[in-house]
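Here is how the chains run, residue by residue.
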Amino acid sequence: MRRTFFDPAPPPGTAETKRAPERLRPSSLRALKQRGFRKDSRARRRDRIPGTFGQTIGEKGRRLKPLIAIIGRPNVGKSTLFNRLTDRKKAIVIDQPGATRDRNYADGHWRDRRFTVIDTGGFEPAADERILVQMREQTLLAIEEADILLFLMDGRTGLAPADLDIARTLRGLDKPVFFVVNKIDGARHEDLAYEFYRLGVDQIHPVSAQHGLGVAELLDRVIEHLPPAEPEAEDNPEDEPRRIAVIGRPNVGKSSLINRILGYERTIANPTPGTTRDPIDTPFRYNRRDYLFIDTAGIRRKSRISVTLEKYTIVQAMKAIDRSDIALLLVDAVEGVTEQDVKIAGLAVEKGSAVILCVNKWDAVDKDDATVGAFVADIRDKLKFLEFAPIVFISALTGQRVRRILEIIEGVYDQYTRRIATAELNRQARDFIAAHPPPRYRNRDNAVSYLTQVGVKPPTFIFFVKEPKGMHFSYERYLTNQVRSAFGFDQVPVRIFFKRKS
């Protein structure tokens, strides 16, 4: 039975509330079919991740969580609901249309069911501006790969023409669609939701993403339509993904590099600086190993940060560096290493990330036999604190040496997570300590008793000495270099601390 505009909502437990969300009539899939989408896409997604180096992922023990996509026109509260469902402040939330542009992924759970939520940019089916068209393509990809759709609308502004256009786009999709009206912040606003029954659906879900009202009831309905849960895989350190943050100044090609590695347009690549705003997480599998690439917003100089939204994006980029294992620092080959590149590199080192220097746009440089050597010398001179970082010359546009990046990542990650047994450490340390003993402190010997490794990511060592204050920074640098050389940590940062022997 279909309710009219004035009919009250049925009481809980009635037959109508137990019905599945309306599966819209298969009358118009043109918008998706024109882009090559097919109804068997979910099966294909579970078998293969698209990409230049895509590998099958149907191996024993691997599990894919169901995907829930939040879609809607700009500024209806999609990112606020995304943060609410994932219980984290990952997406930028600001009262400005178009703050989110790319797809944003994060995991959530409700009543022992786990899932992945996709935040999308504002969906404007009739837009023709390039950036809006790219945002629409990203939303359509999210619609295509999701298991369940949450179509979010704004209860304060009412049913808009764009909402009707989106509803037409959703017609014919063979997956559950939940029609959700946001900004219903209390009983006095509940009447605002009735207008949305004009869409011809059986049930509207009023919520307040900001305050959490109605979200629990929505999730209760959503998990009823999730695909059956698959068995949990056993935890294995080898299965932990390598977290790679792609960082750099605006417009150096970060999004283009991510798209080239994956083999499809995962993030919006646009010549306009500042296109990427949220950190965009993308899981990827290559050679039976898992990676998580994090595309970040370009980090500008403080003097050029004036817009509130841009301040948010840069803070998020710094948080992305903090949760990464390796930072791919992109440098523009045409402009060379700038003062801002040096500052960004310093941020990564301060956070303890390993760094790989990627000189992008190498195809646009006039080269001779001495060009590479001169460029490397300039990098080493301006980034003296990154003498350990590997350098690779690439072109995200043509794909030149992009495959080489993954090979370097594996070598760096191996060192970044390497542990050395205490006995082996002390056996080899005796030689370089004896060759260059610690300086005397207050005219007394300040011998090193022993050392041990206390952590990885980055490799961290403690030297037990008689008096830690007596260790000069020059001797600390000597020990750091010796540890790098003796134990094969030549491509990652190494941290050394001194502690008084008890």
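Residues numbered from 1 in each chain as written. Predicted model: local features only at pLDDT ≥ 70, side-chain atom pairs only at ≥ 80, totals over all residues. Heavy atoms only, no water.

With that settled, consider the sheet that holds strand β3 (residues 113–119). Where strands meet in a sheet, backbone hydrogen bonds hold them as pairs that are either parallel or antiparallel. Pairing is mixed in the open sheet, where 6 strands are placed in the order β2-β3-β1-β4-β5-β6. A strand with exactly one partner marks an edge of an open sheet, and here the two such strands are β2 (104–110) and β6 (204–206). In this sheet, adjacent strand axes meet at a mean angle of 30° when their direction is disregarded. The sheet contact formed by strand β4 (residues 148–154) and strand β5 (residues 177–182) spans 6 bridges and is parallel. By the bridge assignment for β5, Leu-150 is matched with Phe-178. Relative to the sheet, helix α3 (residues 78–86) contacts β1 (67–71), β2, β3 and β4, its axis offset from that of β3 by approximately 160°. (Pairing = 2+ DSSP bridges. Helix = DSSP H or I, 4+ residues; strand = E, 2+ residues; numbered from the N terminus. Axes fitted to C-alpha atoms, helices over the stretch in contact; angles between N-to-C directions. Contact = heavy atoms within 4.5 Å.)

Within helix α7 (residues 254–262), 7 of the 9 residues are buried, which leaves the element mostly enclosed by the surrounding structure. In the segment just after α7, Gly-263 is the residue with positive phi, at about 90°. (Buried < 20%, exposed > 50% of the residue type's maximum accessible area, 1.4 Å probe, protein only.)

Once that is clear, we can look at unusual backbone geometry. Peptide bonds are, in most cases, trans, and in most cases residues other than glycine have a negative phi. In this chain, Lys-457 is followed by Pro-458 through a cis amide linkage whose omega measures 0°. Positionally, Pro-458 belongs in the loop between β13 (448–455) and β14 (460–465). Unlike most non-glycine residues, Arg-111 shows phi in positive territory, near 50°. With respect to the secondary-structure elements, Arg-111 resides in the loop between β2 and β3.

So, about the side chain of His-189. Position of His-189 relative to the elements: it lies in the loop between β5 and β6. Look at His-189 and you get buried, because its relative accessible area is 13%. Once residues within four sequence positions are removed from consideration, His-189 is found in contact with Arg-156, Lys-183 and Ile-184.

Attention now moves to the pairing of strand β15 (residues 495–500). Alignment of β14 against β15, held across 6 bridges, turns out to be parallel. Residue pairing in the sheet places Phe-463 in a bridge with Phe-498 of β15.

Now for the sheet that holds β15. Read across the sheet, 3 strands follow the order β13-β14-β15 without closing on themselves; strand pairing throughout is mixed. Sheet topology places β13 and β15 at the edges, where each strand pairs with a single neighbour. For this sheet the average axis-to-axis angle between neighbouring strands, irrespective of direction, equals 25°. Those strands touched by helix α12 (residues 422–435) are β13 and β14, and its axis lies near 135° from that of β13. Packing against the sheet, helix α13 (residues 473–487) makes contact with β14 and β15, and its axis sits at approximately 125° to β15.

As a further point, take the packing of α12 against α13. In the contact formed by α12 and α13, the axes pass within 11 Å of each other and the chain directions differ by 130°. The angle between α12 and α13 places the two elements in the oblique class. Considering only the axes of α12 and α13, their crossing is right-handed. Contact residues: α12 offers Glu-424, Leu-425, Gln-428, Phe-432, Ile-433 and Ala-435, while α13 offers Tyr-475, Tyr-478, Leu-479, Gln-482, Val-483, Ala-486 and Phe-487. (Parallel < 35°, antiparallel > 145°, perpendicular 65-115°, else oblique. Left-handed = near helix turned anticlockwise from the far one by under 90°.)

Let us look at the pattern of salt bridges. What the rule picks out here adds up to 22 salt bridges. The shortest N-O distance in the salt bridge between Asp-185 and Arg-156 comes to 2.5 Å. One end of the pair, Asp-185, is in the loop between β5 and β6; the other, Arg-156, is in the loop between β4 and α5 (161–170), with 29 residues separating them in the sequence. For the salt bridge of Arg-221 with Glu-224, the shortest nitrogen-to-oxygen distance reads 3.8 Å. For Arg-221, a relative accessible area of 10% puts it in the buried group. Several salt bridges converge on common partners, so that one network encompasses Arg-242, Arg-289 and Glu-410. (Salt bridge = Lys/Arg side-chain N within 4 Å of Asp/Glu carboxyl O.)

Residues with a pLDDT of 70 or more make up 72% of the chain, whose mean pLDDT is 77. Between the elements of the chain, mean pLDDT differs from a low of 37, seen in helix α2 (residues 41–47), to a high of 96, seen in strand β12 (residues 391–393). Confidence drops under a pLDDT of 50 for residues 90–101, and excluding neighbours within four residues, the segment shows 58 contacts in the predicted structure. (pLDDT = per-residue confidence, 0-100.)

Let us now look at a positive patch on the surface. On the surface, a cluster of positive charge is made up of Arg-442, Arg-444, Lys-466 and Lys-469. As for its placement among the helices and strands, Lys-469 is situated in the loop between β14 and α13. (Patch = residues over 30% accessible without salt bridge, like charges linked within 9 Å, V, L, I, M, F, W, Y side chains within 5 Å. Areas by Shrake-Rupley, 256 points an atom, 1.4 Å probe, with all protein chains shown as cover. Lys, Arg positive; Asp, Glu negative; His and termini not counted. Charge placed at Lys NZ, Arg CZ, Asp CG, Glu CD.)

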